[in-house]
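# Results of the structural survey
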Amino acid sequence: MSSSGQLLPQQHQHFQQSRILLQSSPSPSFLGKHKIPLRIFPETHKFPRHLSGGRLRGFSLNFHPVSACGNSRWLAPLRSAGEKLSGSLEPDESSNYSKEAAEILKPKKASFLTILQGANSVLPHVVIASTVLALVYPPSFTWFTNRYYAPALGFLMFAVGLNSSEKDFIEAFNRPAAIFAGYVGQFVVKPLLGYLFGTISMTIFGLPTPLAAGIMLTSCVSGAQLSNYATFLTDPAMAPLSIVMTSLSTATAVFVTPLLSLLLIGKRLPVDVKGMVSNILQIVVAPIAAGLLLNRIFPRISNAIRPFLPPLSVFVTALCVGAPLAINISSVLSPSGLSVLFLVIAFHLVAFVSGYTLTGLLFHNTPDVKALQRTLSYETGMQSSLLALALANRFFQDPLVGVPPAISVVIMSLMGFSLVMLWSKKSEAIA
């Protein structure tokens, strides 16, 4: 076949290979809506004169070799809609086009933990902003009354439960020594510190007895659910252990809190047993169980809602911090408020340090001693100050008793989430 209108067998084979490769490759994005049929010509075949450098239906065609295919080359149109484009494509750009397109179209996996760890860096700033806003403009938080606090903490527990499994909690109960240490930190170490700083407030600072009673009452309540959330942000594997510790202290607080209050304050503190049980069910048991069940039975729904939990958790935390301060702003800004603020800061600081240090001494041979130290530091340094505030408002006539618990809510949150930011950065550096 020597005529100019026909191809040699070898050239015809190259022509067919080129057409197949072109059909399998994605169409260039610069063609837009103008779909121009492309014709591939072997390198050894002469390009038709009537198309060389000419126009086809208003399209100016300018051909350049793009990539090699055997002894053939692809020729792609780089002109459309009557506009001239300068330059030419490099051979490696076309060869990398499919890879780049695949990377762009490849869905990004956004795990809850990754997003949450990104959100925890702003939590201390959010807590500070909530504190300032509550002081400057209290009505921004006064609508968030005590009745909303239990559902808010329940939401945070639901977020933790959604990212845990039954196996995690079974393993947590396999560490009775750590659970006992957390319980001692809650109901032995912290009440002793509360009695110490309460006595200092009366003897050295000359504060009235109701303020000292408020400091002692704050040290007698159970652990804070926010400590579970802080532990989850820093050491996710320790979150079930933290939840077990807090749940145990909350359940036994029905009996322990009145006893400690009687010993430290010298006055029997009535506790609504039915209300306490309801509080445990609302804040801890029901949300955790709901998260676990949803994650197990409906994993697709769990995966769909996980990306929305981190920003909502930050918002809920801000409300839980700003509301108590805004509601009790007049008492906090009283003449004795600055002294109480100093004492509450010292109380929580010593509690955080004690939990961390004592755990290091007792469990120094444990492989995950650092993570356990951080967990028990949160458990010892953070307690359910809003529960103390509710008890103070209900069972004490003097409103000054509620001032230390209201300040404690803000201080423990600021200090706890500041430690979250510090320890999370150290964990990432080690990893």
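Scanning the chain for helices and strands turns up 20 helices and 4 strands. In the chain, the proportion of contacts linking residues at least 24 apart, taken out of those at least 6 apart, comes to 79%. About 22,300 Å² of surface is accessible on the chain, with carbon and sulfur atoms providing 65% of the total.

Okay, the side chain of Asn228 next. Secondary-structure assignment places Asn228 in helix H11 (residues 225-234). Among the polar contacts listed, one links the side chain of Asn228 to the side chain of Thr246, at a separation of 2.8 Å. Non-local contacts of Asn228, meaning those with residues more than four positions away in its chain, are made with Met157, Ser242, Ile243, Thr246 and Glu379.

We now examine a nonpolar patch on the surface. A cluster of nonpolar side chains, Ile128, Val132, Leu133, Leu135, Val136, Tyr137 and Leu333, forms an exposed patch at the surface whose accessible area comes to about 680 Å². With respect to the helices and strands, Leu133 occurs in helix H5 (residues 123-136).

With that settled, consider the packing of helix H9 (residues 176-203) against helix H18 (residues 369-381). Where H9 contacts H18, the two axes come as close as 9 Å, and the packing angle between them is 35°. At the point where H9 passes H18, the crossing takes the right-handed sense. Here Ala178, Ala181, Gly182, Gly185, Gln186, Val189 and Lys190 of H9 come into contact with H18, specifically with Leu372, Leu376, Glu379 and Thr380. Broken down by class, the residue content of the contact of H9 with H18 amounts to 5 nonpolar, 4 polar and 2 charged.

The next point concerns the nonpolar core. Counting 74 residues, the largest nonpolar core has Leu226, Leu241, Tyr378 and Phe417 as its most contacted members. Here the element with the most residues in this core is helix H20 (residues 403-430); it accounts for 12 residues. Once residues within four sequence positions are removed from consideration, Tyr378 is found in contact with Ser227, Ala230, Thr231, Thr234, Phe352, Gly416, Leu419, Val420 and Trp423. Formed by 8 residues, the second largest nonpolar core is a distinct cluster that contains Leu217, Leu387, Leu391 and Ala392.

All right, on to the confidence of the model for the chain then. The share of residues in the chain with pLDDT of 70 or more is 66%, and the mean pLDDT across the chain is 74. A low-confidence stretch, residues 24-95 (pLDDT under 50), is modelled with 91 contacts involving residues beyond four sequence positions or located in other chains. This stretch, residues 100-112, has a pLDDT under 50; its non-local contacts, to residues over four places away or in other chains, come to 8 contacts.

What follows covers the environment of Arg296. Take Arg296: it is sitting in helix H13 (residues 273-297). Here Arg296 falls in the exposed class, since its relative accessible area comes to 61%. Spatially, the C-alpha atom of Arg296 lies 8.9 Å from that of Leu162, the residues being 134 residues apart in sequence.

If you walk through the whole model with that rule in mind, you get 9 aromatic pairs. An aromatic cluster is present here, built from Trp143, Phe144 and Tyr148 joined pairwise through their rings.

Moving on: the pattern of salt bridges. By the definition in use, this model includes 2 salt bridges. In this structure, the salt-bridge partner of Asp368 is Arg175, at a minimum N-O distance of 2.9 Å. Taken together, the residues span a long stretch of sequence, with Asp368 in the loop between helix H17 (337-362) and H18 and Arg175 in the loop between helix H8 (166-173) and H9 at a distance of 193 residues. Overall, the relative accessible area of 25% leaves Arg175 in the partly exposed class. Put simply, Arg374 and Asp235 hold a salt bridge, and the shortest N to O gap is 2.9 Å. Taken as a pair, Arg374 in helix H18 and Asp235 in the loop between H11 and helix H12 (239-265) lie far apart in primary sequence, 139 residues in all.

Inspection of the secondary structure assignment puts Thr375 in helix H18. The exposure class assigned to Thr375 is buried, which follows from its relative accessible area of 1%. Sequence-distant contacts of Thr375, defined by excluding residues within four places in its chain, comprise Thr231, Met238 and Ser242.

Note on helix geometry: an α-helix contains 3.6 residues per turn, so any two residues three or four positions apart are oriented the same way. Most of H11 is tucked away: 10 of the 10 residues are buried. When we look at burial in H11, the residues that qualify are Gln225, Leu226, Ser227, Asn228, Tyr229, Ala230, Thr231, Phe232, Leu233 and Thr234.

Here the focus is the environment of Thr142. Structurally, Thr142 is set in helix H6 (residues 139-142). Each C-alpha atom of the pair Thr142 and Ala323 lies 5.8 Å from the other, and the pair is 181 residues apart in sequence. Here Pro139 takes part through its backbone oxygen, which lies 3.4 Å from a polar atom of the side chain of Thr142.

Attention shifts here to the packing of H11 against H18. One way to put it is that H11 packs onto H18 with a least axis distance of 9 Å and a crossing angle of 160°. Judged by the inter-axis angle, H11 sits roughly antiparallel to H18. For H11 against H18, the interelement crossing comes out right-handed. Every residue of H18 that contacts H11 at Ser227, Asn228, Ala230, Thr231 and Thr234 is listed here: Arg374, Thr375, Tyr378 and Glu379. Classifying every residue of the contact of H11 with H18 gives 2 nonpolar, 5 polar and 2 charged.

Reading the values: the criteria
- Residues numbered from 1 in each chain as written.
- Predicted model: local features only at pLDDT ≥ 70, side-chain atom pairs only at ≥ 80, totals over all residues.
- Heavy atoms only, no water.
- Helix = DSSP H or I, 4+ residues; strand = E, 2+ residues; numbered from the N terminus.
- Contact = heavy atoms within 4.5 Å.
- Areas by Shrake-Rupley, 256 points an atom, 1.4 Å probe, with all protein chains shown as cover.
- Polar contact = N/O pair within 3.5 Å; in protein donor to acceptor, adjacent residues only side chain to side chain.
- Patch = residues over 30% accessible without salt bridge, like charges linked within 9 Å, V, L, I, M, F, W, Y side chains within 5 Å.
- Salt bridge = Lys/Arg side-chain N within 4 Å of Asp/Glu carboxyl O.
- Axes fitted to C-alpha atoms, helices over the stretch in contact; angles between N-to-C directions.
- Left-handed = near helix turned anticlockwise from the far one by under 90°.
- Nonpolar A, V, L, I, M, F, W, Y, C, P; charged D, E, K, R; others polar.
- Core = buried A, V, L, I, M, F, W, Y, C linked by side-chain atoms within 4.5 Å.
- Buried < 20%, exposed > 50% of the residue type's maximum accessible area, 1.4 Å probe, protein only.
- pLDDT = per-residue confidence, 0-100.
- Phe/Tyr/Trp six-rings, centres within 6.5 Å; stacked < 30°, edge-to-face > 60°.
- Parallel < 35°, antiparallel > 145°, perpendicular 65-115°, else oblique.

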